[in-house]
Amino acid sequence: MTSKLDQKTFIITMFIILVTWASQAMSRAMLQEASIVELHEKWMAQFGRTYVDGAEKDKRFKIFKENYEYVERFNNAGNNTYKLGINGFSYITDEEFQASHTGSKMSIGTPRFSKTISSFYCTHKS
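Here the structure is a predicted model, which is why all the values come from computation and not from measurement.

**Student:** Even after reading the chapter, I still don't get the pattern of salt bridges, so can you show me in this structure?
**Tutor:** Any two side chains of opposite charge can pair, given that their charged atoms come close. This model, assessed by the stated rule, comprises four salt bridges. The partner of Glu-41 in a salt bridge is Lys-57, and the shortest N-O contact between them spans 2.7 Å. You can see Glu-41 sitting in helix 1 (residues 2-47) and its partner Lys-57 sitting in helix 2 (residues 54-77), a full 16 residues away along the chain. Put simply, Glu-96 and Arg-60 hold a salt bridge, and the shortest N to O gap is 2.8 Å. You can see Glu-96 sitting in helix 3 (residues 94-101) and its partner Arg-60 sitting in helix 2, a full 36 residues away along the chain. Through salt bridges with shared partners, one network takes in Glu-56, Arg-60 and Glu-96.

What follows is the structure in structure tokens.
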């Protein structure tokens, strides 16, 4: 009798811990997303960016977020002699940057990021 009660208590306790852990993880993810949304809004104001509709803004936010996350991963790697940052090009893809600022077209098979970092990301050197 006692072992069934202990087993039920254990299962309920583990379930509560799991739900609490999952809730905290989701809260952190939502908080991070909210801070990136806020950063994007500040970036839009700083660089005077406006979009014709919500769909375009959503598309550009997703690109901005991907670029921001790339910059964060690169800078957090800690094995570089310089840092990357958000700049006026943070709302466009590498392909769009290449096409509009270098006159070249990237082929479909070209990797998104090469070993050479363009001015697309560089804002300062350490």
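**Student:** What am I meant to see in the nonpolar core here?
**Tutor:** As a rule of thumb, nonpolar side chains are buried together in soluble globular proteins. With 10 residues, the main nonpolar core is built from Ile-36, Trp-43, Met-44, Tyr-51, Phe-61, Phe-64, Tyr-68, Tyr-91, Ile-92 and Phe-97. Contributions of two or more residues to this core are made by helix 1 and helix 2. Setting aside its immediate chain neighbours within four residues, Phe-64 contacts Ile-36, Leu-39, His-40, Trp-43, Ile-86 and Ser-90.

Rules of the game
Residues numbered from 1 in each chain as written. Predicted model: local features only at pLDDT ≥ 70, side-chain atom pairs only at ≥ 80, totals over all residues. Heavy atoms only, no water. Salt bridge = Lys/Arg side-chain N within 4 Å of Asp/Glu carboxyl O. Helix = DSSP H or I, 4+ residues; strand = E, 2+ residues; numbered from the N terminus. Core = buried A, V, L, I, M, F, W, Y, C linked by side-chain atoms within 4.5 Å. Buried < 20%, exposed > 50% of the residue type's maximum accessible area, 1.4 Å probe, protein only. Contact = heavy atoms within 4.5 Å.

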